[in-house]
Amino acid sequence: EAWFRKFLALPNGIPSADTFRRVFERIDPKQLRKALAQWAQTLRKCLAGKVVAINGKTLRGSFDATNAIAPLHSLSAFATESKLVLGECAVSDKTNEITKIPELLEFLEIKGAIVTIDAMGCQKKVTEIIVKKKKADYVLALKKNHRDLHNEVAALFRIAEEQSGIEKDAWSYVEKGHGRIETRECTCILAGPWLGHVIEGWTKLTSVARLVSTREIKGKTTTSTRYYISSLPPDAREISRAVREHWRIKNTLHWSLDVVFKEDSIRIRKDNSPENLAIIRRIAFSLAKERTPQKMTTKRAQLRSILNPKFAEEHFFKN
């Protein structure tokens, strides 16, 4: 308590666990979400040309079987290079990401960034908000939820392989590690001359891309093909980079929330508590990534802070 009084008034001492519980049950998540976005702006570096990945994560421990309450699904916007959570919102279930992505985008200041979203966010309204309101670009995964556009894009790439009259830009690279060899080949085509009849309504849909991944593990080879639409010029290397950066939201943010913050094990589920504490964990994650010393893991920095209050003061309580 004496140490906490360096930073807090605490006129009635440290609040009890029940007090914390009641407070988090009653805080308005919308206001806390705004606070997260405003706080993130104080740490945000220039996002021009940088990737902002949007993806959802289910808090598996937040379900309540007795009252038939499904686990909370949280949607986050993540600046992949600076490892900063720019915003967050709750979704009743994964299928409702379509309606919540525009709401999340409204909170963000992402001028000049490249927004990446999986197929759930591949919607005309989303492209309009990103380009017109947020002055940013996008790379969106395209699957058969837009059947006509998907089929036309796939057919265009098949024709491009057979005919030399369609200009293409290609980029490939090989990654080795963890017992596997993975080759990624990205090909981009300018959309307008070939897809004008199916891209109406898609704001600034400039290029389409095909990414073919070939993976070799223990002598077994598998191949997958994915398609993307983008407001960027048909630059295969740049679009391939954006697609690769998108996975950092899973490999960095979601992994840390599960392994370091044990999010899936937390059984808090009453009223507004699950969403409010999810927001607090994302603030803590961003702060830890921003201020953890180099060559030290977040988990080790947390342990050092518990054992050595001076370390916490120097790194996490500075202005």
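What counts and what doesn't
Here the residue index of a chain counts from 1 through its sequence in written order. Two thresholds apply to this predicted model, a pLDDT of at least 70 for residue-level local features and 80 or more for giving and counting side-chain atom pairs, whereas whole-chain, interface and lining totals are computed over all residues. Hydrogens and water are ignored here; the side-chain numbers use all heavy atoms of the structure. We treat two strands as partners when DSSP finds at least two bridges between them. What counts as a helix is a DSSP run of H or I of at least four residues, what counts as a strand is a run of E of at least two, and both are numbered from the N terminus. Convention adopted: a line fitted to C-alpha atoms gives each axis, helices being fitted over their contacting stretch, and angles between N-to-C directions are expressed from 0 to 180 degrees. Working rule for contacts: check all heavy atoms of both residues, and any pair within 4.5 Å makes them a contact. Within 6.5 Å between ring centres, the rings of Phe, Tyr and Trp (the latter by its six-membered ring) count as paired, and their orientation is classed by plane angle as stacked under 30 degrees, edge-to-face over 60, tilted in between. Only protein chains enter the area calculation, which uses a 1.4 Å probe; residues under 20% of their type maximum are buried, those over 50% are exposed, and those in between are partly exposed. Comment: the charge-over-ring label is applied if NZ (Lys) or CZ (Arg) is within 6 Å of the ring centre and within 35 degrees of the ring normal. Here a polar contact is recorded for every N or O atom pair within 3.5 Å, except that within protein the pair must consist of a potential hydrogen donor and a potential acceptor, and residues adjacent in sequence are included only if both atoms are side-chain atoms. Roughly parallel means an angle under 35 degrees; roughly antiparallel, over 145; roughly perpendicular, 65 to 115; everything else is oblique. Note that Gly is not counted as nonpolar here; it falls among the polar residues with everything else outside the nonpolar set of Ala, Val, Leu, Ile, Met, Phe, Trp, Tyr, Cys and Pro and the charged set of Asp, Glu, Lys and Arg. When a carboxyl oxygen of Asp or Glu is within 4 Å of a side-chain nitrogen of Lys or Arg, the pair counts as a salt bridge.

J.: Requested: an account of the pairing of strand β7 (residues 180-190), with residues and values cited.
T.: As defined by bridge partners, strand β6 (residues 169-177) adjoins β7 across nine bridges and the pair is classed as antiparallel. Pairing of Asp 169 across the sheet is with Cys 188, part of β7. Counted between consecutive antiparallel strands, the loop separating β6 from β7 contains two residues, among which His 178 sits at a positive phi close to 55 degrees.

J.: Tell me what's going on with the sheet that holds strand β4 (residues 114-117), and back it up with residues and numbers.
T.: Through backbone hydrogen bonds, the strands of a sheet pair up, either in parallel or in antiparallel fashion. Reading across the sheet, the nine strands line up as β3-β2-β1-β4-β5-β9-β8-β7-β6 and stay open at both edges, with mixed pairing between neighbours. Pairing within the sheet leaves two strands with one partner each, and these edge strands are β3 (84-91) and β6. Sheet twist, expressed as the average angle between the axes of neighbouring strands with direction ignored, equals 20 degrees. With four bridges joining them, strand β5 (residues 137-142) and strand β9 (residues 220-230) adopt antiparallel strand pairing. Looking at the pairing, Val 139 lines up with Ser 230 of β9. Here helix α8 (residues 248-259) sits on the sheet in contact with β1 (51-59), β2 (72-79) and β3, set at roughly 40 degrees to β1.

J.: With reference to specific residues and values, describe the packing of aromatic side chains.
T.: Per the stated rule, a full pass over the model turns up five aromatic pairs. Plain terms: the ring middles of Phe 157 and Tyr 227 are 6.0 Å apart, the flat faces sit at 40 degrees to each other, and that makes the pair tilted. Here the residue Phe 157 occupies a position in helix α5 (residues 147-162), and Tyr 227 occupies one in strand β9, the gap between them amounting to 70 residues. Across the pair, exposure class does not vary: Phe 157 and Tyr 227 are buried alike. Ring geometry for Phe 311 and Phe 316: centres 6.3 Å apart, planes at 65 degrees, overall edge-to-face. Taking the relative accessible area as the measure of exposure, Phe 316 reaches 16% and is therefore buried. An aromatic cluster is built from Trp 3, Phe 4 and Phe 7, whose rings are joined through pairwise contacts. Lying over the aromatic face of Phe 311, Arg 304 brings its terminal NZ or CZ to 5.2 Å of the ring centre.

J.: Give me the lowdown on the environment of His 73, citing residues and values where you can.
T.: Secondary-structure assignment places His 73 in strand β2. For His 73, a relative accessible area of 4% puts it in the buried group. Taking the C-alpha atoms as reference, His 73 lies 33 Å from Ile 181; in sequence the two are 108 residues apart. Here the side chain of His 73 touches Thr 58 through a polar contact of 2.8 Å, side chain to side chain.

J.: Can you tell me about the packing of helix α2 (residues 29-43) against helix α9 (residues 273-291), naming the residues and giving the values?
T.: How two helices pack is summed up by the angle between their axes together with the distance between the axes. With their axes 9 Å apart at the nearest point, α2 and α9 run at an angle of 10 degrees to one another. Taken together, α2 and α9 sit at an angle that is classed as roughly parallel. Taking contact as the criterion, the partners of Pro 29, Leu 32, Arg 33, Leu 36, Trp 39 and Leu 43 in α2 are, on α9, Glu 275, Asn 276, Ile 279, Ile 280, Ile 283, Ser 286, Leu 287 and Glu 290. Split by residue class, the contact of α2 with α9 holds nine nonpolar, two polar and three charged.

J.: Would you mind going over the pattern of salt bridges in detail, with residue names and values included?
T.: Opposite charge on two side chains lets them pair, provided their charged atoms get close. A full pass over the atoms with the stated rule returns 24 salt bridges. One salt bridge connects Lys 204 with Asp 137, and the closest N-O pair in it is separated by 3.2 Å. A residue pair is termed long-range when its members are at least 10 positions apart, and Lys 204 in the loop between α6 (192-195) and β8 (207-217) and Asp 137 in strand β5 qualify at 67 residues. Salt bridges sharing common partners tie together Lys 57, Asp 258, Glu 263, Asp 264, Arg 281 and Arg 282.

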